[in-house]
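Remarks on the overall topology
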Amino acid sequence: MKSGEWQVEGVTRYPKGHNPLGNSFYGYLRVSLRLPDGRPANYHGVDVGPCVHTVAVADDETTFLVRQRRPNAMQIGDWAVPRLLELPGGFADMKDEHGNVDLPASAAEELGTEAGVVAGYLTQIGQIFPSPGISNEVDTIFLGTEVRGIDELTARAEATEADMEIVTGKFGDLYMELLTGASEQPVSAQAIAAMAMAAHVLSGK
């Protein structure tokens, strides 16, 4: 082992639904390490897997967010589950013909299910690591253009999405309101970061 390197000696994964805490949404992992000075160490984190979110912008610059309850955003002492503004998205569950994770298909499926729209074009514009040191989540961000509504929204029986609300607005106006805090609406950091990526792409810079 070279000086300054961390050596991984083992990884134990507890998948969602089959872990010590019985969590059906997230898994957990334990990484056994050997630090550069020779000491052993264990890292415990949340095993999330790949996720996708889409900044969907229609021809008239309308963009689509969703407001939903997030128990994991509760502060110590809170008794109410907060509702956050987020981008349409979630776990990348769709697979291609080879059984590999299909990120664009997952983004399209989440966009249709949560926002009730479909994008003619989906372009990957970046990735976000939302909780380094806490989870291994990698969130792939897409920009959706040529957006149109779909006739029928296929409802899914996810408890966390039972009271989801679709929020729309002009992309530039909504982005600046959320970025500056002028709207006073609680918003996830992921949404702000992803909208910043999209603003950069849309500006052509």
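The shown structure was predicted, so the numbers you read here are calculated from the model rather than taken from an experiment.

Some words on the nonpolar core
Residues Val-55, Leu-65, Leu-87, Leu-178 and Met-195 are the most contacted members of the largest nonpolar core, which totals 19 residues. The biggest single contributor to this core is helix α3 (residues 189-202), with five residues. Those residues in contact with Met-195, other than ones at most four positions away along the chain, are Val-55, Leu-65, Leu-87, Phe-171, Leu-174, Tyr-175 and Leu-178. Of all hydrophobic cores here, the second largest spans eight residues; its members include Ala-56, Ala-115, Val-117 and Ala-119.

Digging into the pairing of strand β3 (residues 40-47)
One ladder, built from eight bridges, connects strand β2 (residues 27-34) with β3; its direction is antiparallel. Paired with Gly-27 across the strands is Asp-47, a residue of β3. As consecutive antiparallel partners, β2 and β3 are separated by five residues, and within that stretch Gly-38 has a phi angle of approximately 95°, a positive value.

Looking at the confidence of the model for the protein chain
Mean pLDDT for the protein chain: 86, with 91% of residues reaching 70 or above. Confidence over residues 152-160 falls short of pLDDT 50; this stretch has 12 contacts with residues more than four positions distant or in other chains.

Observations concerning unusual backbone geometry
In this model, Glu-61 sits at a positive phi of 75°, which is unusual for a non-glycine residue. Even without a glycine there, the phi angle at Glu-146 is positive, about 50°. Mapped onto the elements of the fold, Glu-146 is located in strand β9 (residues 138-149).

Section: the sheet that holds strand β8 (residues 117-128)
Read from one edge to the other, the open sheet built from four strands follows the order β7-β4-β9-β8, with strand pairing classed as mixed. Either end of the sheet is taken by a strand with one partner, and the two such strands are β7 (89-91) and β8. Sheet twist, expressed as the mean angle between neighbouring strand axes with direction ignored, is 25°. Pairing geometry for strand β4 (residues 50-56) and β7, over three bridges, is antiparallel. Within the sheet, the bridge partner assigned to His-53 lies in β7 and is Gly-89. Along the sheet, helix α1 (residues 103-115) contacts β4, β7, β8 and β9; its crossing angle with β4, the most-contacted strand, is approximately 60°.

Section: α3
Taking 1.5 Å as the rise per residue, α3 with 14 residues should run 20 Å; its terminal C-alpha atoms sit 20 Å apart, in good agreement. All of the buried residues in α3 are Ala-191, Ile-192, Ala-194, Met-195 and Ala-198. For α3, the angular spread of the buried residues around the axis is 165°, confining them to a single face. Its buried side turned inward, α3 meets β4, β5 (62-69), β6 (83-86), β8, β9 and α2 (171-180). Backbone geometry just after α3 places Gly-204 at a positive phi near 80°.

A word on the pattern of salt bridges
Think of it this way: side chains of opposite charge can pair up when their charged atoms draw near. Under the counting rule described, the total for this entry stands at six salt bridges. In this structure, Glu-165 and Arg-67 form a salt bridge, with 2.9 Å as the shortest nitrogen-oxygen distance. Of the two residues, Glu-165 sits in strand β10 (residues 165-170) while Arg-67 sits in strand β5, which places them 98 residues apart along the sequence. A residue is classified by how much of its surface remains accessible, and Glu-165, at 32% relative accessible area, is partly exposed. Taking the relative accessible area as the measure of exposure, Arg-67 reaches 17% and is therefore buried. Among the salt bridges present, the one from Glu-165 reaches Arg-83, with a minimum N-O distance of 3.6 Å. Residue Glu-165 is located in strand β10, and its partner Arg-83 is located in strand β6; the two are separated by 82 residues in the primary sequence. Among the ionic contacts, a cluster of salt bridges with common partners joins Arg-67, Arg-83 and Glu-165.

Scoring rules and cut-offs
- Residues numbered from 1 in each chain as written.
- Predicted model: local features only at pLDDT ≥ 70, side-chain atom pairs only at ≥ 80, totals over all residues.
- Heavy atoms only, no water.
- Core = buried A, V, L, I, M, F, W, Y, C linked by side-chain atoms within 4.5 Å.
- Buried < 20%, exposed > 50% of the residue type's maximum accessible area, 1.4 Å probe, protein only.
- Helix = DSSP H or I, 4+ residues; strand = E, 2+ residues; numbered from the N terminus.
- Contact = heavy atoms within 4.5 Å.
- Pairing = 2+ DSSP bridges.
- pLDDT = per-residue confidence, 0-100.
- Axes fitted to C-alpha atoms, helices over the stretch in contact; angles between N-to-C directions.
- Expected span 1.5 Å × (residues − 1).
- Arc of directions from axis to C-beta.
- Salt bridge = Lys/Arg side-chain N within 4 Å of Asp/Glu carboxyl O.

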